[in-house]
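Spelled out from the first residue to the last, the chains are:
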Amino acid sequence: MKAYLAGPDVFRPDVLRWAEDARALCAARGVEALIPLDGDATTPAGIYAQNIAMIRAADVVLANLNAFRGAEPDSGTSFEVGFALALGKPVIGYVDEACSHAARVARWQGAELTQNEGHVLDRDGLSVENFGLPLNLMLAVPAKIVVGGLDEALAAMPVGL
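Residues numbered from 1 in each chain as written. Predicted model: local features only at pLDDT ≥ 70, side-chain atom pairs only at ≥ 80, totals over all residues. Heavy atoms only, no water.

A. Inspection of the overall build of the protein at higher detail. Across its full length, the protein carries 6 helices and 7 strands. Going from N to C terminus, the protein has its helices and strands arranged as β-α-β-α-β-α-β-α-β-β-α-β-α. By the compact-globule yardstick of 15 Å for 161 residues, the protein fits well, its C-alpha radius of gyration being 17 Å. Over its C-alpha atoms, taken along the principal directions, the protein stretches across nearly 50 × 35 × 30 Å. (Helix = DSSP H or I, 4+ residues; strand = E, 2+ residues; numbered from the N terminus. Rg over C-alpha atoms; globule rule 2.2 N^0.38 Å.)

What follows is the structure, encoded as structure tokens:
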């Protein structure tokens, strides 16, 4: 069983320690972790090709979908999730807390959302999805979303995958 670990964790200052811990956590469950750091590419095109190859080789994608540099998940991670789903691979996303997408936007903007003609609006007057999902529906509907971290995502993997 191979799991591609998607997420902005590769930008952490302790990324090598994180990767070591993530590999050990996966190995304890009989899963081989495929981590974007695994390759030796150094150019944008090379890194992209390497990550795409790892997603293709994976049986499942485990994605850190916590907000990154804003109210939304990392854009690269969102792409990887979509690519995996297009390949028919299961995706398990994880978030630190169980709150709605609208609540995340309000907290990030530091302002209450308003209502206008049945629409929830942010401080700029733009509509905010308000389905009670933890993320944008394009992530929350096709992916299984769990509250917690990598360990909870591993525990949520389908049996016999």
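B. How the structure looks around the sheet that holds strand E1 (residues 2–6). The 5 strands are arranged E2-E1-E3-E4-E7 in an open sheet whose pairing can be described as parallel. Lying at the two open borders of the sheet, with one neighbouring strand each, are strand E2 (32–34) and strand E7 (144–147). Averaged over all neighbouring strand pairs, the angle between strand axes comes to 25°, with direction disregarded. (Pairing = 2+ DSSP bridges. Axes fitted to C-alpha atoms, helices over the stretch in contact; angles between N-to-C directions.)

C. View of the environment of Leu 16. Along the chain, Leu 16 falls in helix H1 (residues 15–28). Judged by its relative accessible area of 66%, Leu 16 falls in the exposed class. Separated by 86 residues in sequence, Leu 16 and Ala 102 have C-alpha atoms that sit 34 Å apart. (Buried < 20%, exposed > 50% of the residue type's maximum accessible area, 1.4 Å probe, protein only.)

D. The packing of helix H2 (residues 44–57) against helix H3 (residues 75–86), seen in detail. Where H2 meets H3, the axes come as close as 10 Å, and the angle between the chain directions of the two elements is 40°. When the axis of H2 is compared with that of H3, the two are oblique. Note that H2 runs across H3; the crossing there is right-handed. Seen from H2, the contacting residues are Tyr 48, Asn 51, Ile 52, Ile 55 and Arg 56; seen from H3, they are Phe 79, Glu 80, Phe 83 and Ala 84. (Parallel < 35°, antiparallel > 145°, perpendicular 65-115°, else oblique. Left-handed = near helix turned anticlockwise from the far one by under 90°. Contact = heavy atoms within 4.5 Å.)

E. Main features of the packing of aromatic side chains. What the rule picks out here adds up to 3 aromatic pairs. Geometrically, the ring pair formed by Tyr 48 and Phe 79 is tilted, given 6.2 Å between the ring centres and 45° between the ring planes. With Tyr 48 in helix H2 and Phe 79 in helix H3, this pair connects stretches of sequence that are 31 residues apart. Judged by relative accessible area, which is 47%, Tyr 48 ranks as partly exposed. Every member of this aromatic cluster is reached through a ring pair, and the members are Tyr 48, Phe 79 and Phe 83. Over the ring of Trp 108 we find Arg 123, and its NZ or CZ is 5.8 Å from the ring centre. (Phe/Tyr/Trp six-rings, centres within 6.5 Å; stacked < 30°, edge-to-face > 60°. Lys NZ or Arg CZ within 6 Å of the ring centre and 35° of its normal.)

F. The layout of surface pockets, seen in detail. Approximately 240 Å³ is the volume found for the largest pocket. Along its surface, the largest pocket is lined by 14 residues, and Tyr 4, Ile 47, Asn 51, Gly 76 and Glu 80 are the ones closest to its centre. Residue assignment for the lining of the largest pocket shows that the elements contributing at least two residues are H2 and H3. A breakdown of the residues in the lining of the largest pocket according to their chemical character gives 8 nonpolar, 4 polar and 2 charged. Within this model, the second largest pocket holds a volume of roughly 170 Å³. Split by residue class, the lining of the second largest pocket holds 4 nonpolar, 4 polar and 3 charged. (1 Å grid on protein atoms, 1.4 Å probe; cavity = no way out; pocket = protein on both sides within 12 Å on 5 of 7 lines; lining within 4 Å. Points joined across faces, edges and corners; volume = space filled by probe spheres on them. Nonpolar A, V, L, I, M, F, W, Y, C, P; charged D, E, K, R; others polar.)

Taken by themselves, the reported measurements are silent on function.
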